[in-house]
Amino acid sequence: MDRLQREKLKWKCRRGLLELDIVLERYLARHPDDHALNPLLDLPDNDLWDIVAGRSENYQPHLKDVVARLRAV
Amino acid sequence: MALSVRKFDAIVVGAGGSGMRAALELARANLKVAVLSKVFPTRSHTVAAQGGIAAPLANSTEDNWHWHMYDTVKGSDYLGDQDAIEYMCRRAIEVVVELEHMGMPFDRLESGKIYQRPFGGHTQDYGSPKMAMRSCAAADRTGHAMLHTLYQQNVRANTQFFVEWMALDLIRDPQDGAVIGVTALEMETGEVSILQAKATVFATGGSGRIFAASTNAFINTGDGLGMAARAGIPLEDMEFFQFHPTGIQGAGILITEGVRGEGGYLLNKNGERFMERYAPNAKDLASRDVVSRAMTTEIKEGRGCGPDADHLLLKLDHLGPEVINHRLPGIREIAIRFANADPVREPIPVVPTAHYQMGGIPTKYTGQVVVPEGATSESILPSFYAVGECACVSVHGANRLGTNSLLDLVVFGKAAGEQVIKDIRSLPSPQRNLPKDAGEASRARLARLDAASSGERVADVGNDLRRTMQAHCGIFRFPEDLARGIEKVKEIAARAQRLFIQDKSKVFNTARVEALELDNLVETAMATIVSAEARKESRGAQSRADFPERDDKNWMRHTLWYKEANRLAYKPVHLKPMTVEAFQPKARTY
Ligand SMILES: Cc1cc2nc3c(=O)[nH]c(=O)nc-3n(C[C@H](O)[C@H](O)[C@H](O)COP(=O)(O)OP(=O)(O)OC[C@H]3O[C@@H](n4cnc5c(N)ncnc54)[C@H](O)[C@@H]3O)c2cc1C
């Protein structure tokens, strides 16, 4: 992943919910180049948080692995 | 090279609830409106609001705007402007019903009316023990629902969004000080340009990130306050910062009051339920400022928990997994993830955490920014408006009541929109001329960053600032701490002049953005601690160890802080409402 994509990804991790700010910051520290994260970042904050917290399975099947990684941080 | 210039009727900086409500009013009047936001609009911090929005609809209990007004004045510890408070409470029903008609999915009663629930500080019959059911909510996602509703409406009304654009500085007319636009950085290209308008509305939200322990998202860096301060505009009542008693230690995530409502309680390192000593009746359910102060006292006196004796414990395992899982949804996941503690078995480490900034850019109830000039303390600054958490109108005074902020966003967002329309329609000439040096200040800030080949790291300076504010200007304020804190913040401000970033790329440079944000954090922190040191009384969120009482004789007045030389001025509180009798200051007991 090039610098530009990485920077854009980083900024998309700036959220309205502090919960997500912190989880995504931890995530990027471990997986700085994981652009598989992108489609999840387009979700509304509360929907994404429900997924991260394991309260919702409402995401596209091909995102299963990235969701699992996200839940593990 | 001259900066490129784009012209609009109105610019709104900020796409949270307040900015989007203002923009909607303007776009519906067919004005050409630009809304700037650092992040995608529906990712603004308003999305985090869960508790609800206050309005005396009287759907579940008897209620009216007079009672709501009384609660807000009392909650403000009598520092709120009573005309603005009357205005807000009188327009509450109208703006909430409008949101309903726009499609905001409020919870409903069987009758189809909006369901309302009680919330701390909101009472019936002028402070009687009976609670008012005044908070309208959309499940636990009220802010989210509001933001999405307003965004859709704005798209429909043709509001033009500039997403991932960061406003940097105000541009003022040297003749009369009128605001004629902003400079802004387009992150995608790294270019700075000028956005010029007949009206500029600030709606940039709060500055909770000046404290180490904060419930606010990372974007809340007080940009609007920094821009105003650098442009010579004073900031009002910045010493008043509301702390929420139960933020998770180290992370800041808010643990709702509902946990204590269900029977959770706080313990010190001796396992003592210390709130019984501070508030024998209400105990752990005493008001936010009372509980936060008690917690801070416990820590100061060495009864904090953990190896650093720096937090307290919120115990709820005695409630059993049933109650925790069903009545307090989400709490368990949050505690496990951010505190590494499963509340079913062990207590959650918590500290009082910075939550809401009552102060801000001084405005009238019309959203117009007002500043002292000559003999008048509130002269209208032409074509500049501020709404939402970045503004101080002042309806929250020294302490905000829960659910009154979302109301403030929509009432004053709408009011500012109405005023802008009126003002633009009465303007003699279309656009003013830009001053020759327009944009120079922003360019100089960027040039300094680009030129530095060594210097201070943004993260280090930011962390030192947050730690200093937490230690020296937290919930309970001591004179020596404040004085030393000011010196430290001054040192940090000097270091912030020497920032160094490794990445000098223009295109999408987040390090650059964070460096620019730090300038705003520094201005906001300075305003807060200097104002706090000078106010020699305790009122609402300001608790001075050396002046424990409210002092209406000397301090029933608003603070104004100027960046230049850290100068302070004061102006009277509006004790006279618009149409009703004034509420006379009384001791604030619950
Ligand atoms: C966890 C939490 C829960 C809360 N719950 C409630 C509640 O239940 N009820 C209630 O009444 N209040 C609540 N509050 C308070 C309330 O949510 C906020 O005060 C309110 O949402 C602030 O809205 P705003 O429109 O002023 O700004 P925000 O929603 O913070 O939006 C600020 C906007 O400004 C933009 N911006 C900032 N700087 C710049 C810049 N330099 N250039 C361009 N754009 C910029 C941002 O991108 C964003 O779009 C809560 C607060 C927190 C932290």
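Residues numbered from 1 in each chain as written. Chains lettered and ligands numbered in written order. Predicted model: local features only at pLDDT ≥ 70, side-chain atom pairs only at ≥ 80, totals over all residues. Heavy atoms only, no water.

1. Notes on the sheet that holds strand 4 (residues 116-123) of chain B
Residue and element names in this part refer to chain B. Strand order in the open sheet formed by three strands is 3-5-4, and the pairing between neighbours is antiparallel. The sheet is open, and its two borders are formed by strand 3 (53-54) and strand 4, each paired with just one other strand. Across four bridges, strand 4 lies against strand 5 (residues 131-136) in antiparallel orientation. Across the sheet, the residue bridging to R117 is S135, located in strand 5. (Pairing = 2+ DSSP bridges. Helix = DSSP H or I, 4+ residues; strand = E, 2+ residues; numbered from the N terminus.)

2. Focus on the environment of B:A137
Residue and element names in this part refer to chain B. On the secondary structure map, A137 appears in the loop between strand 5 and helix 4 (142-156). The class of A137 is buried, set by a relative accessible area of 3%. Expressed as a C-alpha distance, the spacing of A137 and T559, which sit 422 residues apart in the sequence, is 34 Å. (Buried < 20%, exposed > 50% of the residue type's maximum accessible area, 1.4 Å probe, protein only.)

3. Side note on the confidence of the model for chain B
Predicted coordinates in regions of low pLDDT should not be interpreted in detail. Summary statistics for chain B give a mean pLDDT of 95 and a share of 100% for residues scoring 70 or more. Here the predicted complex carries an ipTM of 0.96, next to a pTM of 0.96. (pLDDT = per-residue confidence, 0-100.)

4. Details of the pairing of strand 11 (residues 241-248) of chain B
Residues and elements named next belong to chain B. Strand 11 sits mainly inside the fold: eight of its eight residues count as buried. Two elements, strand 11 and strand 14 (residues 348-357), share six bridges in a ladder whose sense is antiparallel. By the bridge assignment for strand 14, F243 is matched with A354.

5. Some remarks on the sheet that holds strand 13 (residues 312-315) of chain B
Residues and elements named next belong to chain B. Here we have four strands laid out as an open sheet, ordered 11-14-13-12, and antiparallel in their pairing. A strand with exactly one partner marks an edge of an open sheet, and here the two such strands are strand 11 and strand 12 (265-267). Within this sheet the neighbouring strands show an average axis-to-axis angle of 45 degrees, counted without direction. Note: strand 13 against strand 14, three bridges, orientation antiparallel. Bridge assignment links L313 to a residue of strand 14, and that residue is P349. (Axes fitted to C-alpha atoms, helices over the stretch in contact; angles between N-to-C directions.)

6. Points about the layout of surface pockets
By volume, the second largest pocket is sized at about 1,500 Å³. Considering the residues around the second largest pocket, the lining is formed by 45 residues, among which A:E25, B:F218, B:A459, B:R466 and B:E514 are closest to the centre. Considering each element in turn, the lining of the second largest pocket owes the most residues, eight residues, to helix 13 (residues 458-472) of chain B. A per-class count over the lining of the second largest pocket returns 20 nonpolar, ten polar and 15 charged. (1 Å grid on protein atoms, 1.4 Å probe; cavity = no way out; pocket = protein on both sides within 12 Å on 5 of 7 lines; lining within 4 Å. Points joined across faces, edges and corners; volume = space filled by probe spheres on them. Nonpolar A, V, L, I, M, F, W, Y, C, P; charged D, E, K, R; others polar.)

7. Points about unusual backbone geometry
Residue and element names in this part refer to chain B. Across the junction of V393 and S394, the peptide omega takes the value -10 degrees, indicating a cis bond. By secondary structure assignment, the location of S394 is in the loop between strand 18 (391-392) and helix 11 (404-425). Its identity is not glycine, yet N158 carries a phi of approximately 70 degrees, on the positive side. Position of N158 among the secondary structure elements: in the loop between helix 4 and strand 6 (160-163). Of note, the phi angle at N566 is positive, near 55 degrees, even though the residue is not glycine.

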